[in-house]
Amino acid sequence: MSIAFADKQIVLGVTGSIAAYKACEIASRLTEEGAVVIPALTRAAREFVAPLSFEAITGRPAITDIFAPIANPEIEHIAVARRAHLFLIAPASANILAKAACGIADDWLSTTLLATHAPVLFAPAMNAAMYAHPATQANIATLLARGAHFVGPGEGRLACGETGPGRLIETPVILEAACILLSGKKDLAGRRVLITSGATHEPIDPVRFIGNRSSGKMGRALALEALRRGAEVTVVSGPARVPLPHAAKVLSVRTAQEMIEATLAHVDAADIFIAAAAVADYRVEHPADEKHKRNGDALNLTLCPNPDIAAAVSARKRPEQVTVGFAAETHDLLAYAQRKLEKKKLDLIVANQVGGENCAFGADTAWAWLITPGAPPEQLHLITKEELTERVFDKIASILRTRNT
Ligand code: C5P
């Protein structure tokens, strides 16, 4: 369950593509996330997949007929068009794109698309030649110009045996695009956000490294929330267990040295910098060129300190830039966090308790405080990383407002 999807009414328009069966997975994931899914299948879609599958998955009637009784507000098209938060057409055939571009209204889905003011997200899926056809491309351009959104298609082997763009993009990518569109708060539109995320791996030799348990979940949640609020997001990411949002620009790095180089190359263009990476404090001074061989003797490694990325950014920041850091501590959390805020000259530090059942590295929840210079720490109690990122960006937006930028 996620707060981004909870109780959101999403019309899932399924059209006649061989990928129609994959819409069952999309319906299932959206339902799991807490959305109210209203499945609507075109006649061609029903040749590929049964409405009953969607009814079983979503627990709601699947709409198949424009001439359904008008008295049924569950499926009456104008009522649905008004109450929907999002129309997700997945898979979107060349036919529905053409109909939507021309304003043809000859079945429930195409008619309701004309009547809605909700955002519309198309996930195209078709043969590569159909997708590349100038008519399809012109229809996509028309729909984009009118404010419709697109996700995919992916590239690869298609059901027809050809290879190229035309595959329905993977479900997590579709869900992420839907999640971004479902946010009404666009207070970071036009802002650029740079985030460091994940761990760093400091080589010992070509096959071994010193690393840490950072999962990258916090960086991912921050990037997604910034995208939901309309920002342009770049993530300098060390090794992580979770993927970053597709809508973010990702610069993959391995070591702290690579992370600081990538960060300093991009930070001047950013309005907001968030240091969420768990950077190794030390690296091996002279990593071996060849794999160490075990010979029974003790092995001494000389470690030298890594640069502090957050401090380096603050040292050269423009007055209107906002810099945010994290302090994960097992004890004396507030005192350490306060010291880091001052030492690294940050505008905001998110202090979170590490250790314990809900607050371990890699957990989905955090026990956190927000600390800004000259103000008492704001306690957030135990909250999900998703909620925490909302509160962090609320605070960042309020700092930006005080700077009148
Ligand atoms: O100094 P410490 O690692 O405890 O501080 C944590 C904060 O500083 C985090 O925001 C982390 O991303 C950032 N940091 C950094 N570069 C380092 C070490 C930490 O940006 N070398």
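Above this text you will find the structure in question.
Enquirer: Please clarify how the environment of Ile-210 should be interpreted in this entry.
Expert: Residue placement: Ile-210 occurs in strand E10 (residues 208-210). The spatial distance from the C-alpha of Ile-210 to the C-alpha of Thr-200 is 8.1 Å, given a sequence separation of 10 residues. If we ignore the near neighbours within four places in the chain, the residues touching Ile-210 are Thr-200, His-201, Glu-202, Ile-204, Val-284 and Leu-303.

Enquirer: Whenever I open this one, the side chain of Asn-139 confuses me. Can you help?
Expert: With respect to the helices and strands, Asn-139 occurs in helix H8 (residues 134-145). With residues up to four places along the chain from it excluded, the contact list for Asn-139 reads Leu-97, Ala-98 and Ala-101.

Enquirer: What's the story with the sheet that holds strand E5 (residues 149-150) in this structure? I'm lost.
Expert: Whenever strands of a sheet pair, they do so through backbone hydrogen bonds, lying parallel or antiparallel. Strand order across the open sheet formed by five strands is E2-E1-E3-E4-E5, with parallel pairing between neighbours. Two strands lie at the open edges of the sheet, namely strand E2 (36-41) and E5, each paired on one side alone. Where strand E4 (residues 120-124) meets E5, two bridges bridge the pair, whose relative direction is parallel. Across the sheet, the residue bridging to Leu-121 is His-149, located in E5. Sheet strands in contact with helix H5 (residues 94-102) are strand E3 (86-92), E4 and E5, and its direction is about 140° off that of E3. Along the sheet, helix H6 (residues 108-115) makes contact with strand E1 (9-14), E2, E3 and E4, crossing E3 at roughly 140°.

Enquirer: What should I look at first to understand a nonpolar patch on the surface in this one?
Expert: On the surface, a nonpolar cluster with roughly 370 Å² of combined accessible area is contributed by Tyr-282, Leu-299, Leu-301 and Leu-303. Mapped onto the fold, Leu-303 is located in strand E15 (residues 303-305).

Enquirer: Help me understand the pairing of strand E11 (residues 232-237) in this model?
Expert: Within a regular beta strand, the side chains point alternately toward one face of the sheet and then the other, so they alternate between its two faces. Taken across its six residues, E11 has five buried, putting it largely inside the fold. As judged from the four bridges shared by E11 and strand E12 (residues 249-252), these two strands associate in the parallel manner. Bridge pairing in E12 links Ser-237 to Ser-252.

Enquirer: In this structure, what is going on with helix H10 (residues 217-228)? I would like to understand it.
Expert: Since the α-helix advances by 3.6 residues per turn, residues separated by three or four positions end up pointing in the same direction. Taking 1.5 Å of rise per residue, 12 residues should cover 16 Å, and H10 covers 16 Å from first to last C-alpha, within 8% of that figure. The buried fraction of H10 is high, at 10 of 12 residues. Buried residues of H10: Met-218, Gly-219, Ala-221, Leu-222, Ala-223, Leu-224, Glu-225, Ala-226, Leu-227 and Arg-228, and no others. Where H10 is buried, its residues touch helix H9 (171-181), strand E8 (192-197), E11, strand E13 (272-275), strand E16 (322-329) and helix H14 (385-402). Immediately downstream of H10, the backbone of Gly-230 shows phi near 100°, a positive value.

Reading the values: the criteria
- Position numbers for residues count from 1 along each chain, tracking the sequence in the order it is written.
- Where totals are concerned, whole chains, interfaces and linings use all residues; where local detail is concerned, this predicted model gives features only for residues with pLDDT of at least 70, and gives and counts side-chain atom pairs only at 80 or more.
- Note that the side-chain values use all heavy atoms of the structure and ignore hydrogens as well as water.
- Secondary structure counts use DSSP, requiring at least four H or I residues in a row for a helix and at least two E residues in a row for a strand, with both numbered from the N terminus.
- We call two residues in contact when some of their heavy atoms are within 4.5 Å.
- When DSSP finds two or more bridges between a pair of strands, those strands are recorded as paired.
- Whenever a helix is involved, its axis is fitted only over the stretch in contact; in every case the axis is a line through C-alpha atoms, and angles between N-to-C directions fall within 0 to 180 degrees.
- Note on patches: the residues involved have over 30% relative accessible area and no salt bridge, like charges join within 9 Å, and the nonpolar side chains Val, Leu, Ile, Met, Phe, Trp and Tyr join within 5 Å.
- Working definition of accessibility: Shrake-Rupley area with a 1.4 Å probe, residue cover restricted to the visible protein chains.
- We count a salt bridge whenever a side-chain nitrogen from Lys or Arg sits within 4 Å of a carboxyl oxygen from Asp or Glu.
- Summary of the burial criterion: residues with accessible area below 20% of their type's maximum are buried, those above 50% are exposed, and those between are partly exposed, where the area comes from a 1.4 Å probe applied to protein chains only.
- To estimate the expected span of a helix, subtract one from its residue number and multiply by 1.5 Å.

Distances and angles like these do not, on their own, reveal function.
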